[in-house]
Amino acid sequence: MPAPPPTRVRALEDRVACEITYPRVIGYRYELASQNLVAAFGPDSKVALSTADIPTKTENAPIVGSPAFTHWMI
């Protein structure tokens, strides 16, 4: 099934001065420092996890194609 045609949203002619525009983001990346990370664990480094902290559904969307749904069962 083909995707529906996109709808262009724009300001009305008499309200162009109030138009809100956003930059077009074509990608992003993480800039990592060249130094190594070091962790120091101590008695206060413990974290208690529960099923309330874990997602039960995730969605992975590729650049091309349909999103894939993954269900996590705990």
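Before going into details, it helps to say that this report is about the structure given with it. The residue numbering used here restarts from 1 in each chain and proceeds along that chain's sequence as written. Only residues with pLDDT of 70 or above have their local features reported here, since the model is predicted, and side-chain atom pairs are shown and tallied only from 80 upward, although totals for entire chains, interfaces and linings are computed over all residues. Side-chain numbers here rest on the full set of heavy atoms in the structure, without hydrogens or water.

### What about the overall build of the chain?
Along its length, the chain carries 0 helices and 2 strands. Using a 1.4 Å probe on the protein chains alone, a residue whose accessible area is under 20% of its type maximum counts as buried, one over 50% counts as exposed, and one in between counts as partly exposed. A buried classification covers 1% of the 74 residues belonging to the chain. Of the roughly 8,500 Å² of accessible surface on the chain, 59% is carried by carbon and sulfur atoms. In DSSP terms, a helix is any run of H or I states spanning at least four residues, a strand is any run of E spanning at least two, and both are numbered starting from the N terminus. Under the convention used here, a 1.4 Å probe and the Shrake-Rupley method define accessible areas, while residue burial counts only the protein chains that appear.

### Focus: the pattern of salt bridges
A carboxyl oxygen of Asp or Glu within 4 Å of a side-chain nitrogen of Lys or Arg is what we treat as a salt bridge. Following the criterion strictly, the structure yields 1 salt bridge and no others. Of the charged contacts in the structure, one is a salt bridge between Arg-10 and Glu-13, with a shortest N-O distance of 3.9 Å.

### What about a nonpolar patch on the surface?
A cluster of nonpolar side chains, Tyr-28, Tyr-30 and Leu-32, forms an exposed patch at the surface whose accessible area comes to about 520 Å². Mapped onto the secondary structure, Tyr-28 falls in the segment before strand E1 (57-60). Within this analysis, patches are made of residues with over 30% relative accessible area and no salt bridge. Like charges are joined at 9 Å or less; nonpolar side chains (Val, Leu, Ile, Met, Phe, Trp, Tyr) at 5 Å or less.

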